[in-house]
Amino acid sequence: TIYHLAFKYIRCSEKASAVGTEMVISFLASSPKNVEMAPLVSNSPRAALAVSLLVLLSSWNELVNGRQHYHDVRSTESIPQHVSGAFLSNGDLELTWAPPSAGTFTGSIVGYMIELQPMAPPNNTWAYGTGELEKSMVPLSGTSSHYKHPKANMYPYADYSVRIALLTDSTPTQGPFTEAIVVRQREQVPQGQPQNIQVTHPAQDPTSYPPVATQLIVWWDAPDGLWVNNTPISSFQVSASSPRHTATITEELEVEWQEDDPTNTNFSLALTKLYPHTEYTIRVASVGKGGNSKSSSAVSATTPAHIPTVAPQNVSLATRGPSSLSLRWNPIKDSHPNSNGKIIGYSINYMPIDDIHCHGVQCPKPTECQLEPRCEFGDCIYESRPNGTLCDDDNPDTENDMCVGGYCVGDDVGGHHDNVVRSRSLSMNTRSHGAGYMPFFEEYWFGWWSGSWIYRWGKDGNYITRFRGQTSTMQIWGEPDSGYYYLARWSSRRCVKVGPFTSRSTRWSFLPPGSSSVGGVCTDDKYAYCMQTRSETVYVLDKNTGQQVNTITLTGGTTGNLYGSFFVVGDKIYYGTGRRFYRHNLEDGRHDGFSFEVGLSITNSFFTGQDICVSSGSSTIYCYRILKQNMWKSFDEPEFVETVQQVGSMSINTRGYGGGYIPWLKEYWYPWWSGSRIYRHLPSGTYLGRFTATSSSRSNRQLWGDLRQHYYLASNRDIVKAAWPSNRRLWTYRMSGTAGGVASEGSNVYAMRTSGSQVTVLHADTGQRTKTITLNAMNSGDRFSTIAGGFFVVKNRLFRGARNDRRFYRYDLDTGEYDGMQFSTSLRIDNVAFNGQDACVSSGSSTIRCYQILTNNIYDMPVRHKAELVEGSRLLNNEMNQMLSQELPSRFFALCYSGEVHGFSASTFHSRCDNKGPTVTIARVSSGSGTGRIIGGYAPVAWTSARSYHRAHHAFLYKFEGNQMHRTDPSLSRPQSAIYDRSNYCPTFGDGHDLYIRSSCRSASTRSRTYRGSGYSSSWLGGSSSFNIDAIEVFYMTEDSYDPCRNVECPITDCEPVNECVLGRCVSEKRPEGYPCDDGNNATAFDTCVSGTCVGMEHHTTVPYYKLDELDAGRSYSIEVRAHTVVGAGPWSHELRAKTNETPPAAPPQNVEVEATSSTSVVLRWQPPPLQLQNGPVRGYEVYQDRNHPPIKRGSFSEVPVTGLQPFTQYIFNIKAYNGAGAGPMSANATVTTQQDRPEHPTELQAEEVIEAKGETLKVSWAPPLRRNGIIQHYTVYYQEVGGHWKAVNTSGPQLAIDIEDLSPFTTYLVRVTAWTVAGEGSPSRTIAPRSGEGIPRTAPASVQAAALSQTSIKVSYKPPPTQDGIIVGYTIYSKPELVAQSCADIQCGAYDQCHDVGECYVDST
């Protein structure tokens, strides 16, 4: 039974080791009860081994068979005698005994079995309690009657009951045990308190917020003397109590002693579920085997502060004003159980509400450069993101896209310059007319005008040789991809194609119509173009045959003598004559408005693929850059030129020392030496303006711009880095002496003092010094004398130019040694501006001379062009590939997964394509109406098997139908769900999903949920909403020589501590919402991170009241208050709705208009005062006809008629708006004149006789009507004889009198007058009855008769005239003697009369 129990808890180590002459069978404890087998000791190794194996095998046999045997010696006297024991000072248990008496046992003694039964101390200590402890069986070999049991194998401080039995070599082997003896410990069980209690706060994770505040980490050391093998300590119990909370938090840590544990082993335990910012009393107790414990002394600790979990209560309105609201609330005491820390202040948030003008207003989505809009008074307000914020203007031909004034603006990387400047100068003998560039050979060719020789020059400007060409060559044009060349032959009036070189064979010849000489020839990738001098016609020819296919007529611009200055460049034609080039559209020949002047008369010119180079027939050639990159060759890595020469000059006021080139703006900046202003110039010299250097830096000896929109200054003793356009200083490094130069390359900034050989290297991001380089001039002659900005770095080479040496020396930055290259300048080096290719030097004047350092400009970033976007697709043909490339310009993809090649499964797809960046999926439909259709999608984010949606604004789906590609719109309805990423899904797009390719990658379904487009539906993509797929490919975006992250700076802020450029875009790790930060504005407080931006609270206080100012009068606001601890903000309080007092409107009604609707009425119309100035809801309007009198109308209307007015009268109206507080200011005068009406009757009508020869005229006069009701056009005078008919006479105008003629004399007339306006005739005046004056009788007396009374008297009788023209006062009788005719001879008749024989005339009626 003993062995059976013993072996139940042990296992054999399966190894035996020989130590001297002893053989030991080792056992390892597999139970904490640690039943052990002691070594067998014997003088005979063989005997010891035999006994040990015997015991082992016997025990094992008993264990396996499950039988329990007790072997005893028959003699009761065979027990050991005089057993005694004691604990030694070192803690070991020493046992002694006497062997049994001889003859009391059979066989020979081979050893003893010792039974050690630990006993809890009698005083029932915390360590052992009343629990029964496991005993140990120790077999001893040999006849020794002495044994020491090591302290390490005993329960510390426990008493032991000991029994011993004899072992013999006979059967049975073990005799009976002795009576038990109890050996008492010399020492009592220690107190057992854990030692060195310490409490710490948990480590905080910077990626999570708010920080953990409900935990304390408790640390302690094991109690003295108890952390040993068989320790009674089974666990430690940690408790935390607080007077603020009744419950005690208790956590238990179970422990087990491990071999090699130190006696003062340190333990720790996290107490959780505590209250933030609460002081706790912490105790750690050692728990013994019996479950009792011994506690340590108490220590105090306070949990970390946390954000409040209680909101301010009873937020109410104290007072209100027209522009302010005074608030108050109950303060949150620090002792409040949910304050979670000391309340350091409150923040107040408010916003206008109940803005009826914003009801139903849907603000359009903001652009990349705008923040989310808000509606105020019915208008959508968009605030711009900071200038310099990175964006994408969706233009593949731009770079460095950034926000400027709320708009995304990029720099063109291709296309034509609209500001052409001289880029360089060349020196080659051009001989006269006839020049060209051969891009295929990279050679310049110049024809000998009077002969047929053509002279070849290399791209390095060295003469090569000559060959026979053709005579009278005015222009040479070479093909970029072959040795063919074209000649414009002046005298023969032809354009010819020759070659390929070295062949001189003419392939075709074209003779334009007319007799003009040919002045120019060029080609593009499709056609050849031929042009005559002094002509506007461009002949378009087939390049292969020379046959004319079209003509283009140049319009606008100027044409004239054409001496080889004719170039077709992309979609433009450049035509040069005199000293100017004109640019025309190739499509229609129209001048596009751009031209530029050259510094020489154009005798010959050539085009290099980027520059137009002009000569006047001498060795001087000026080149002008018209393209932003070379159209004929890819960007070659710039190399150092072998010989540095002056290549150009500029005229810019450099103002003294300093100066530099700004590559992202392509500007030259020159500081004012004695001040802090910096002056900006274009390469043409055009002055753009000035600004103050960052932090008003002065005495700037050099300025340097990098490609990430930073500039550096060597200012006094400082090296300064600043951002553009914010002009914010980023860092400053203090040099040990005056700074003489600064330059940057890559992640390093290099600086030198004005003298000396040491170069200080700084980290570009931090400004920290990383190392110092000492330059070794060797035998160069560089004396390291004073530099004043004569310093630049390019391609790991440093150029140092001493001011008075007029010479630059070049050093290797890896070794610091002079590399053997130097060059001289013609000017003292007071400043240098390195533009990426040339070092432009000035002596502080306006003369700048540029020296070419590199073969190409290192700042030029080309746009890569490839034949295919997707390399290796079996599903896309070339046309499809080209169409897809137009949607993804400058992006290139390689295969990561093909169902056909790698197997159709989601796991294979993810294993091959996960974490590889943006991808293009291509699939072929194999069922339904869409069979054979190629479909797919672009995922701008990487697949990760994350089982989540990915936000992707630029994702799209596409399909090919016929020869057309169709794609979804750029704007998604749910961009946050653009991509669904799951390990058992093949590529899947959209929420729910727009394209779901199942795990087999052989079937798919579609829904129209996230993506949008014309005709987009569930069947748009694959012909139906469910279909099969027989082929699928996924391509990932590859790294290419075009680095989209070049020139992209990803700023690091408090809220974006990690920000890296990925595929041209900044990918940041944002701090959690609410994370404390500093927005740099002292006026704000409680700054926290919001969507990656540090935002401070404008309204804050440390007391439980606050006054909101500068509010709009009469407006309702929603107000919330929250409390802050040092950790952050708590929850917002319940909403308080409050309204400011109304005040009368601050502005009058707007756009007041008044319209005359009749002669007695008008209508007024107006618009309300501006919403933000209404100071409360406008209740109505007051209409004033006289501002000094009460209003004539008052009410709620915006249009009102006014009647009862006088015709044709000017009125002035004013309008006031009023709200609950009264009326606002009066509007400006609105003036109107009522329409004209019929006038009233004229007044003061009178008539008088006009004294004339006859008395038949009356002069009638009158006064105007009292109410004219308009402009009097004329008057009508009516008159009639009494009893007669009315007659009328009109005045010719508004005159007030008229003469009525041809009246009957001495006749009474009735007269009246009316007035006329445009409205018609007015009412008549009163009628008067004047009498005409007496006149000369108009008729002769009637019935005149004469009778002879005698020979001398005649009686004349008559009656009065029939008309009474006055009172007859007398008659006059006239008589004369007449001879009585006796015959016709006595009289003369009138014409046509006849005389009859009696002497009378009669009328011949015939």
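These remarks concern the structure in this document.

Quick notes on the rules
Residues numbered from 1 in each chain as written. Predicted model: local features only at pLDDT ≥ 70, side-chain atom pairs only at ≥ 80, totals over all residues. Heavy atoms only, no water. Helix = DSSP H or I, 4+ residues; strand = E, 2+ residues; numbered from the N terminus. Buried < 20%, exposed > 50% of the residue type's maximum accessible area, 1.4 Å probe, protein only. Disulfide = S-S within 2.5 Å. Phe/Tyr/Trp six-rings, centres within 6.5 Å; stacked < 30°, edge-to-face > 60°. Lys NZ or Arg CZ within 6 Å of the ring centre and 35° of its normal. Polar contact = N/O pair within 3.5 Å; in protein donor to acceptor, adjacent residues only side chain to side chain. Contact = heavy atoms within 4.5 Å. Pairing = 2+ DSSP bridges. Axes fitted to C-alpha atoms, helices over the stretch in contact; angles between N-to-C directions. Patch = residues over 30% accessible without salt bridge, like charges linked within 9 Å, V, L, I, M, F, W, Y side chains within 5 Å. Areas by Shrake-Rupley, 256 points an atom, 1.4 Å probe, with all protein chains shown as cover. Salt bridge = Lys/Arg side-chain N within 4 Å of Asp/Glu carboxyl O. Core = buried A, V, L, I, M, F, W, Y, C linked by side-chain atoms within 4.5 Å. Arc of directions from axis to C-beta.

1. Section: the overall build of the chain
Tallying secondary structure elements over the chain gives 5 helices and 104 strands in all. The buried share of the chain, reckoned over its 1406 residues, is 47%.

2. Some thoughts on the state of the cysteines
For the structure on display, the rule yields 10 disulfides. There is a disulfide in this structure between Cys 986 and Cys 1001, and the S-S distance comes to 1.7 Å. Across the S-S bond of Cys 986 and Cys 1001 the torsion is about -85 degrees, and the bridge reads as left-handed. Highlighted residues: Cys 986 in the loop between β73 (979-981) and β74 (988-989) and Cys 1001 in the loop between β75 (995-997) and β76 (1003-1005), separated in sequence by 15 residues. Cys 1001 shares its class with Cys 986; the two are buried.

3. Things to note about the packing of aromatic side chains
Where two aromatic rings form a pair, the distance of their centres and the angle of their planes describe that pair. Evaluated as defined, the whole model comprises 73 aromatic pairs. Where Trp 97 meets Tyr 112, the ring centres are 5.1 Å apart and the plane angle is 70 degrees; that geometry is what we call edge-to-face. Pair noted here: Trp 97 is in strand β4 (residues 93-98) and Tyr 112 is in strand β5 (residues 109-119), with a separation of 15 residues, a long-range link. Considering the side-chain rings of Trp 669 and Tyr 711, the 5.7 Å spacing of their centres and the 70 degrees angle between planes classify their relative orientation as edge-to-face. Taken as a pair, Trp 669 in strand β48 (residues 667-671) and Tyr 711 in strand β52 (residues 710-715) lie far apart in primary sequence, 42 residues in all. Residues Trp 669 and Tyr 711 agree in their burial class; the two are buried. Here the guanidinium or amino end of Arg 466 rests over the ring plane of Trp 453, the centre of that ring lying 3.7 Å away.

4. A word on the environment of Ser 1017
Position of Ser 1017 among the secondary structure elements: in the loop between β76 and β77 (1026-1037). On the basis of relative accessible area, Ser 1017 is assigned to the partly exposed category, the value being 27%. Spatially, the C-alpha atom of Ser 1017 lies 9.2 Å from that of Asp 994, the residues being 23 residues apart in sequence.

5. Regarding the side chain of Thr 473
Turning to its location among the elements, Thr 473 is positioned in strand β31 (residues 473-478). Residue classification places Thr 473 among the buried residues on the basis of a relative accessible area of 3%. A polar side-chain atom of Thr 473 sits 2.9 Å from the main-chain carbonyl oxygen of Gln 470. Those residues in contact with Thr 473, other than ones at most four positions away along the chain, are His 433, Gly 434, Trp 449, Leu 487 and Ala 488.

6. Regarding the sheet that holds strand β30 (residues 463-468)
The strand order across the open sheet built from 4 strands is β27-β28-β29-β30, with neighbouring strands paired in antiparallel fashion. Sheet topology places β27 (435-438) and β30 at the edges, where each strand pairs with a single neighbour. On average, adjacent strands in this sheet sit at an angle of 25 degrees to one another, irrespective of strand direction. The pairing of strand β28 (residues 443-447) with strand β29 (residues 453-458) spans 5 bridges and is antiparallel. From the neighbouring strand, Glu 443 faces β29, where its bridge partner is Gly 458.

7. Remarks on a nonpolar patch on the surface
A surface patch of nonpolar side chains, about 600 Å² in accessible area, is lined by Val 1344, Ile 1354, Val 1356, Tyr 1358, Ile 1368, Tyr 1371 and Ile 1373. No other element matches the 3 residues that strand β102 (residues 1354-1359) contributes to the nonpolar patch. For Ile 1368, the position within the fold is in the loop between β102 and β103 (1393-1395). On the basis of relative accessible area, Ile 1368 is assigned to the partly exposed category, the value being 34%.

8. Side note on the nonpolar core
Within the largest apolar cluster, 57 residues are counted, with the highest numbers of intra-cluster contacts made by Ile 719, Phe 792, Leu 798 and Ile 853. The contact partners of Leu 798, leaving out residues within four places of it in the chain, are Met 752, Val 759, Leu 775, Phe 791, Phe 792, Val 793, Tyr 809, Arg 810, Tyr 811 and Leu 813. Counting 46 residues, the second largest nonpolar core, distinct from the first, contains Val 138, Tyr 147, Tyr 155 and Val 189.

9. As for the environment of Gln 362
Along the chain, the position of Gln 362 falls in the loop between β21 (345-352) and β22 (374-376). Judged by relative accessible area, Gln 362 falls into the exposed class, the value being 69%.

10. Remarks on unusual backbone geometry
Going from Gly 499 to Pro 500, the amide bond is cis rather than trans, its omega being 0 degrees. A cis geometry characterises the amide bond from Gly 992 onward to His 993, with omega recorded as 5 degrees. Counting through the fold element by element, His 993 comes out in the loop between β74 and β75. One non-glycine residue, Ser 699, adopts positive backbone phi at about 50 degrees. Mapping Ser 699 onto the fold places it in the loop between β50 (687-692) and β51 (700-705).

11. Digging into the pattern of salt bridges
On inspection of all chains with the given rule, the structure shows 37 salt bridges. A salt bridge links Asp 830 to Arg 803; its shortest N-O distance comes to 2.6 Å. Highlighted residues: Asp 830 in the loop between β62 (818-824) and β63 (831-834) and Arg 803 in the loop between β60 (797-802) and β61 (807-812), separated in sequence by 27 residues. You can call Asp 830 buried: its relative accessible area is 3%.

12. What to know about helix α3 (residues 878-887)
The periodicity of an α-helix, 3.6 residues per turn, causes residues three or four places apart in sequence to face the same way. Within α3, burial applies to Met 880, Asn 881, Met 883 and Leu 884. End-on view of α3: buried residues confined to an arc of 165 degrees, all on one side of the axis. Along α3, the residues that are exposed and aim more than 90 degrees away from the buried face are Glu 879 and Gln 886. Along its buried surface, α3 packs onto β66 (870-871), β68 (919-925), β69 (934-939), β71 (956-961) and β72 (964-967). Sitting at the amino-terminal end of α3 is Asn 877, which places a side-chain oxygen 3.2 Å from the backbone nitrogen of Glu 879.

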